[in-house]
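# Chains, contacts and geometry: an overview
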Amino acid sequence: MQTIPINTINSPTIILELIYRLKVKDVMTHKLISVTREATLREVQHLMKENSITGVPVVSDRRLIGIVSMDDIIQALDFGYIEEAVEKHMSQNLIVLEEDMPVSFAISYFDRYRYHRFPVLSKEKEIVGMVTTRDISTRLLWEINHEVENLERMIQTTKVTDGLTREVQSFSILKHDFENAGFASTEIKKKLKQSGLFPKTIRKVAIASYELEINIVVHSNGGRITAEYGPDEVIITAEDNGPGIEDVDQAMQTGFSTANEWIRSLGFGAGMGLPNVKSVSDDFSIKSGENGTTVVSRILFSEQEKVHLGTKTTKE
Amino acid sequence: MATVEQIQDELNYKVRQAKGIEKTITGGYTGDLLSDVMGNAEEGNVLITIQAHKNSVAVASLLGLPAIILCNGRTASDDMIEAAGEQSIALFETEDSQFTASIKLNSLLSK
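What counts and how
Residues numbered from 1 in each chain as written. Chains lettered and ligands numbered in written order. Predicted model: local features only at pLDDT ≥ 70, side-chain atom pairs only at ≥ 80, totals over all residues. Heavy atoms only, no water. Pairing = 2+ DSSP bridges. Helix = DSSP H or I, 4+ residues; strand = E, 2+ residues; numbered from the N terminus. Contact = heavy atoms within 4.5 Å. Axes fitted to C-alpha atoms, helices over the stretch in contact; angles between N-to-C directions. Domains from an automatic or database assignment. Buried area = accessible area lost by both parts, 1.4 Å probe. Salt bridge = Lys/Arg side-chain N within 4 Å of Asp/Glu carboxyl O. Polar contact = N/O pair within 3.5 Å; in protein donor to acceptor, adjacent residues only side chain to side chain.

### Let's talk about the sheet that holds strand β3 (residues 97-98) of chain A
Pairing between sheet strands relies on hydrogen bonds along the backbone, with the strands arranged either parallel or antiparallel. All names here are of chain A. Taken in spatial order, the three strands of this open sheet run β3-β4-β5, and their pairing is mixed. The open sheet has two edge strands with one neighbour each: β3 and β5 (127-132). Inspection of the sheet shows strand β4 (residues 117-121) paired to β5 by five bridges, in the antiparallel sense. Following the sheet pairing, Pro 119 is matched in β5 by Met 130. Sitting on the sheet, helix α6 (residues 103-113) is in contact with β3, β4 and β5, with an inclination near 135° to β4.

### A look at the domain arrangement of chain A
Assigned domains within chain A: domain 1 (13-147) and domain 2 (157-309). Each of domain 1 of chain A and domain 2 of chain A has a C-alpha centre, and these two points are 56 Å apart.

### Some words on the interface of chain B and chain A
Chain B puts 23 residues into the contact, and the matching count from chain A is 21 residues. Here chain B meets chain A over a buried area of about 1,700 Å², counting both sides, of which 51% is carbon and sulfur. When residues of chain B are sorted by the area they lose upon contact with chain A, Ser 35, Asn 55 and Leu 62 of chain B head the list and together hold 35% of the total. Between chain B and chain A we count one salt bridge in total. Counting across the interface, chain B meets chain A through 10 residue pairs in polar contact (both at pLDDT 80 or more). Contributions of two or more residues to the side of chain B that touches chain A are made by α2 (34-40), α3 (54-63) and α4 (78-87) of chain B.

Structure representation (structure tokens):
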């Protein structure tokens, strides 16, 4: 098994970028606990215990001259020379990292040499820190978290064009994320306002997308809202990952809601969501099963609107 | 034409967020069920409600409502004030009930 289970050659691009962008100095411990050559192994043993570390560098005039590991201490206890100076017993066969090396280097060093820590040197060959596998894992986990957050945000606003005149916008919606509820519909509305649609049409799309978005937040395990902008219509599609609507006919009735007290106290669960969507749609369809519900709302532009938008030429 | 500013000047409702205060108002809509508001409030209406959270701002923004009046002494949460600022939707608080606030707003509109 690898010490740090990250492949430095063919991991996802984002991970590769990360381990090349991060330098050893970004992950290492700057607080250096070291001893001089005159220190005894006993002193090192105490330092290890007090600071919960397993290796102590031996330093002379800011230069690294050796390292004492936990193994060296055990040896010393076994053979009875624990009170002797470190100079005689420290490991001098040193493998070091430089502070400006990318983290990918450090990862491959850990795999190659099986040490638990490496001393880190500056360009001037002075010791500036220590790096352990834990330092690297912790920092990577933190960075990966951050990258995933960014990715999620990007997915929400990915725009693709299907090659024709249709532009498509897609937003992922999380379960019970009341904090961001309305974000997708607001973006969709912004887009429509720029396109010069009539306020009446924008209102219809805003109602449909908002209700469908809230439904995903309130009732589903999470899902996705997609808006397709055609030359003579807007299609809003809401898809979720379940649990599905038990009785679709009942859900379509005004006033029927399965929302709990807490959700109602926030002003949701009036039982008007789906009926509102249907009433503003020119075309409405709903399909539901335990793997998810898909609602499609199509809102057509009026003839005048199409002329106004220039998607249709007037006949003389 | 009445403006949002009159809600502050004439009704003495406490302003929590003043951006958008210059907008004109065409009427009001009173409701605490957001889907009901969504389906029935018209652009330019002031929303009279007790829902003192961010989702009311989302609804107001989608419908083009210029202001929200929070009734019965409800106080706006910080993130609601922030969201309202971003969307330029004026935010007011009052001890009045939704019924009283509606009557007062109506008298202001019919001047």
